[in-house]
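Close look at the chain arrangement
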Amino acid sequence: MLDNQVTTGLLQAGAAILLCLGVAALCRHYGVRVGRETSFSLVRGLLQMVLVGVVLGLLLTGGLLVGALILLGMMFAAGWTAARRLPQIEGSLLISFLAIGIGAGTVILFMIAIRALDTQIAVLVPVGSMIIANSMNACAQAMERFKSDVIAHVGPIEAALSLGAAPEATVAPYVQSAVYASLLPRLDMLKSLGLVWIPGVMAGMMVSGASPLYAGVYQFIIVAMILAASGLSGAAAIVLLRRRAFTPAQQLLLRPTPQGDAEHGSRPAG
């Protein structure tokens with residue numbers, strides 16, 4: 001049987017689902033049809049978090065190796081999720097996985113090295129998952145922005161190529177805008193930290209008895225590391241994607257596809 005705490009949580013989750021479905025119904029009233037995707041996302045999210053809770057409960061005493069394997073699995077899942085936003089790009093899964101691994105992996109190792117992140121699963125996995133999730137969003141946003149910018153400027157790019165310009169130079173402005181677009185939400189998050197929102201990590205530390213000052217500083221460290229991971233992932237994604245934007249003969253590969261762009265071109269990344 002489920003204990004009272006779990007039962008209460010499931011009832012509260014049910015209430016949260018009803019509210020989200022109500023918002024989806026309101027969106028439908030204005031012509032925005034997200035009911036099916038919202039329902040699927042809610043059910044999937046709840047089942048995934050239940051599974052995570054069960055797995056973490058079983059592995060709570062595991063060491064660094066077990067935690068590293070869990071985070072590696074999360075990176076692969078994040079890469080798959082980001083790649084689904086751009087199915088028309090060849091090799092998008094490998095690009096996403098490598099970019100997320102470069103960004104999130106580097107930052108997680110750095111935090112462990114400076115002892116800002118405990119290697120116990122109860123701490124490593126939740127904090128690491130936040131960094132991976134933001135790297136995933138930054139990767140998807142950067143790739144989607146770069147693709148849409150290049151497709152919107154096929155004419156100028158090909159004109160520059162015909163005049164002998166290097167492929168990297170023809171897309172340089174779109175590289176810059178794509179990386180900036182992936183960083184902007186994290187920059188806004190950092191600017192609003194403590195003024196607009198108090199993140200859950202800080203609240204949890206204070207509830208568990210930690211010093212409010214230390215909790216605030218630690219939360220800043222996490223958000224700063226999220227910014228660093230997002231920047232690395234966004235930049236790595238664009239560097240890898242840029243190579244696939246041209247053939248070995250320096251011909252542009254990214255071009256409008258009526259059906260693909262209609263389905264994916266205006267969809268937000270995360």
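Model, not experiment: these values are computed from the prediction.

Cut-offs applied
- Residues numbered from 1 in each chain as written.
- Predicted model: local features only at pLDDT ≥ 70, side-chain atom pairs only at ≥ 80, totals over all residues.
- Heavy atoms only, no water.
- pLDDT = per-residue confidence, 0-100.
- Helix = DSSP H or I, 4+ residues; strand = E, 2+ residues; numbered from the N terminus.
- Contact = heavy atoms within 4.5 Å.
- UniProt positions renumbered as here; feature names shortened; annotations may be inferred.
- Phe/Tyr/Trp six-rings, centres within 6.5 Å; stacked < 30°, edge-to-face > 60°.
- Buried < 20%, exposed > 50% of the residue type's maximum accessible area, 1.4 Å probe, protein only.
- Expected span 1.5 Å × (residues − 1).
- Axes fitted to C-alpha atoms, helices over the stretch in contact; angles between N-to-C directions.
- Left-handed = near helix turned anticlockwise from the far one by under 90°.
- Nonpolar A, V, L, I, M, F, W, Y, C, P; charged D, E, K, R; others polar.
- Arc of directions from axis to C-beta.
- Parallel < 35°, antiparallel > 145°, perpendicular 65-115°, else oblique.
- Salt bridge = Lys/Arg side-chain N within 4 Å of Asp/Glu carboxyl O.
- Core = buried A, V, L, I, M, F, W, Y, C linked by side-chain atoms within 4.5 Å.

For the rest of this paragraph, the subject is the confidence of the model for the protein chain. Scored by pLDDT, the protein chain comes out at a mean of 84, with 89% of its residues at no less than 70. The weakest mean pLDDT in the protein chain belongs to helix 11 (residues 258-264) at 47; the strongest belongs to helix 4 (residues 92-113) at 94. In this model, residues 260-270 is a region of pLDDT below 50 whose contacts with residues beyond four sequence positions or in other chains number 27 contacts.

This part covers the UniProt feature "transmembrane region" (unreviewed entry) in the protein chain. Following the UniProt record, one finds the feature "transmembrane region" (unreviewed entry) at residues 49-72, 93-114, 193-214 and 220-241. Here residues 93-114 is 95% helix and 0% strand, with 31 Å between the C-alpha atoms at its ends. The annotated region residues 220-241 carries 100% helix and 0% strand content, and the separation between its end C-alpha atoms amounts to 31 Å.

Below, the discussion takes up the packing of aromatic side chains. Counted under the stated rule, the structure contains 2 aromatic pairs. On the numbers, 6.1 Å between centres and 65° between planes, the contact of F76 with F97 is edge-to-face. Of this pair, F76 sits in helix 3 (residues 64-84) while F97 sits in helix 4, and the two are 21 residues apart along the sequence. Overall, F76 belongs to the partly exposed group, its relative accessible area being 46%.

Helix length check: helix 3, at 21 residues, gives a terminal C-alpha distance of 30 Å against a target of 30 Å (1.5 Å per residue), a fit within 8%. Of the residues making up helix 3, those classed as buried are G67, I70, L71, M75, A78, G79, A82 and A83.

Turning to the packing of helix 4 against helix 5 (residues 121-152), a few remarks are in order. With their axes 9 Å apart at the nearest point, helix 4 and helix 5 run at an angle of 145° to one another. As for how helix 4 packs across helix 5, the hand of that crossing is right-handed. Only L124, V127, G128, I131, I132, S135, M136, C139 and M143 of helix 5 make contact with helix 4, whose side of the interface consists of I95, S96, A99, I100, G103, A104, V107, I108, M111 and I112. Grouping the constituent residues of the contact of helix 4 with helix 5 by class yields 15 nonpolar, 4 polar and no charged.

Here we come to helix 6 (residues 154-162). Taken together, the buried positions of helix 6 are occupied by V154, I157 and L161. The buried residues of helix 6 occupy an angular sector of 70° when the element is viewed end-on, so they sit on one face. Exposed and oriented more than 90 degrees from the buried face of helix 6 are P156 and S162. Packing partners of the buried residues in helix 6 comprise helix 5, helix 7 (167-170) and helix 8 (172-192). After helix 6 finishes, the residue G164 shows a positive phi value of roughly 100°.

With that settled, the discussion passes to the packing of helix 8 against helix 10 (residues 212-244). Where helix 8 contacts helix 10, the two axes come as close as 9 Å, and the packing angle between them is 165°. By the angle between their directions, the pair helix 8 and helix 10 is classed as roughly antiparallel. The two elements helix 8 and helix 10 cross, and the hand of that crossing is right-handed. Residues V175, A178, V179, S182, L183, R186, L187, M189 and L190 of helix 8 pack against F220, V223, A224, I226, L227, S230, G231, G234, A235, I238 and R242 of helix 10. Along the lines of polarity and charge, the residues of the contact of helix 8 with helix 10 split into 14 nonpolar, 4 polar and 2 charged.

A few words now on the pattern of salt bridges. Inspection of the entire model under this criterion finds 1 salt bridge. For R145, the salt bridge is made with D149, and the minimal N-O distance between the two is 3.1 Å. A residue pair is termed a helical-turn pair when its members lie 3 or 4 positions apart in one helix, as R145 and D149 do in helix 5 at 4 residues. A relative accessible area of 14% places D149 in the buried class.

This part takes up the nonpolar core. By size, the foremost hydrophobic cluster in this structure holds 54 residues, and its most contacted members are M111, I131 and F146. Within the residue set of this core, elements represented by two or more residues are helix 3, helix 4, helix 5, helix 6, helix 8 and helix 10. If near-sequence neighbours (up to four positions away) are discounted, F146 is found in contact with V171, Y174, V175, A178, I238, L241, R242, A245 and L254.

Let us look at the side chain of S233. Its location among the elements puts S233 in helix 10. Exposure remark for S233: the relative accessible area of 0% places this residue in the buried category. Beyond its immediate sequence surroundings of up to four residues, S233 is in contact with A99, I100, G103, A104 and S135.

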